[in-house]
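# Secondary and tertiary structure notes
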Amino acid sequence: MCPCRDLLDMVASKWTALVIGDLEDGPKRFGELKRRLEGVSQKMLTQTLRTLERDGLITRTVYPSVPLRVEYELTELGRSVTEPLAALRLWAQKNYETVAEARETFDSAAPVGLEPAVTR
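Residues numbered from 1 in each chain as written. Predicted model: local features only at pLDDT ≥ 70, side-chain atom pairs only at ≥ 80, totals over all residues. Heavy atoms only, no water.

Naming follows an unreviewed UniProt entry, where the chain appears as Helix-turn-helix domain-containing protein of Lentzea kristufekii.

Here is the structure:
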């Protein structure tokens, strides 16, 4: 197995890619990320941010205020992955309709394994 597989799994994660994309514009607070990333639960966003921080892709800065203010920002390593992820987002945007059509065609075809047996 490729030793980089766990890293590829992390970077290819839906929420990882979206968080990194959202942080490209600069530091964000947790609440701002949650609002901008529609559909992410608080638990999933927390797990994603912790993973990204552990792997060195983001920094978490706590500002001593009441209430505490916490910001997340891409590190140099995190910024280095934005270009490949942007290319993947562009590919997805360009090919979304083609993939949707392929899915529709596949889903409307006879189920695999239920074709009549061919006898000779």
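### Examining the UniProt feature "domain: HTH hxlR-type" (unreviewed entry) in the chain
Filter applied, for reference: UniProt positions are given in the numbering used here, feature names are shortened, and annotations may be inferred rather than shown by experiment. Every helix listed is a DSSP run of H or I at least four residues long, and every strand listed is a run of E at least two residues long, numbered separately from the N terminus.
Those residues carrying the UniProt feature "domain: HTH hxlR-type" (unreviewed entry) are residues 2-100 in this numbering. As a span, residues 2-100 carries 62% helix and 14% strand, and end to end its C-alpha atoms are 31 Å apart.

### Section: the environment of Leu68
Put simply, the rule is: In what follows, a contact means two residues having at least one pair of non-hydrogen atoms within 4.5 Å.
Among the structural elements, Leu68 can be located in the loop between β2 (58-63) and β3 (69-74). Ignoring sequence-local partners within four residues, the contact set of Leu68 consists of Arg29, Val62 and Tyr63.

### Some remarks on the pattern of salt bridges
Quick reminder of the rule: Any Lys or Arg side-chain nitrogen located within 4 Å of an Asp or Glu carboxyl oxygen qualifies as a salt bridge. Burial here depends on accessible area, computed with a 1.4 Å probe over protein chains only, as a share of the maximum for the residue type. Under 20% is buried, over 50% is exposed, and the range in between is partly exposed.
Throughout the structure, instances matching the rule amount to four salt bridges. A salt bridge links Asp22 to Arg36, with the nearest nitrogen and oxygen atoms 2.7 Å apart. Placement of the pair is Asp22 in helix α2 (residues 14-23) and Arg36 in helix α3 (residues 30-36), with a sequence separation of 14 residues. A residue is classified by how much of its surface remains accessible, and Arg36, at 42% relative accessible area, is partly exposed.

### Examining the packing of α2 against helix α6 (residues 82-108)
Note the cut-off: To obtain an axis, a line is fitted to C-alpha atoms, over the contacting stretch when the element is a helix, and the angle between two such axes runs from 0 to 180 degrees between their N-to-C directions. Any angle that is under 35 degrees is reported as roughly parallel, and any over 145 degrees as roughly antiparallel; angles of 65 to 115 degrees are reported as roughly perpendicular and all others as oblique. We call a crossing left-handed when the near helix sits turned anticlockwise from the far one by less than a right angle, and right-handed when that turn is clockwise. Ten residue types, Ala, Val, Leu, Ile, Met, Phe, Trp, Tyr, Cys and Pro, are classed as nonpolar, four, Asp, Glu, Lys and Arg, as charged, and the remainder, Gly among them, as polar.
Between α2 and α6, whose axes approach to 10 Å, the crossing angle comes to 110°. As summarised for this structure, α2 and α6 are arranged roughly perpendicular, according to the angle between their axes. In the crossing of α2 with α6, the sense of the turn from one axis to the other is left-handed. Where α2 approaches α6, its residues Ala17, Ile20 and Gly21 are matched on the opposing element by Thr82, Leu85 and Arg89. Here the residues of the contact of α2 with α6 sort into three nonpolar, two polar and one charged.

### A short note on α2
Burial of α2 is extensive: seven of the ten residues sit out of reach of the surface. When α2 is considered as a whole, its buried residues turn out to be Trp15, Thr16, Ala17, Val19, Ile20, Asp22 and Leu23.

### Regarding the packing of α2 against helix α4 (residues 42-54)
Close contact between α2 and α4 brings their axes to 10 Å; oriented N to C, the two are set at 75°. In terms of orientation, α2 lies roughly perpendicular with respect to α4. Along its contact with α2, which presents Trp15, Thr16, Val19 and Ile20, the element α4 presents Met44, Leu45, Thr48, Leu49 and Leu52. Grouping the amino acids of the contact of α2 with α4 by side-chain chemistry returns seven nonpolar, two polar and no charged.

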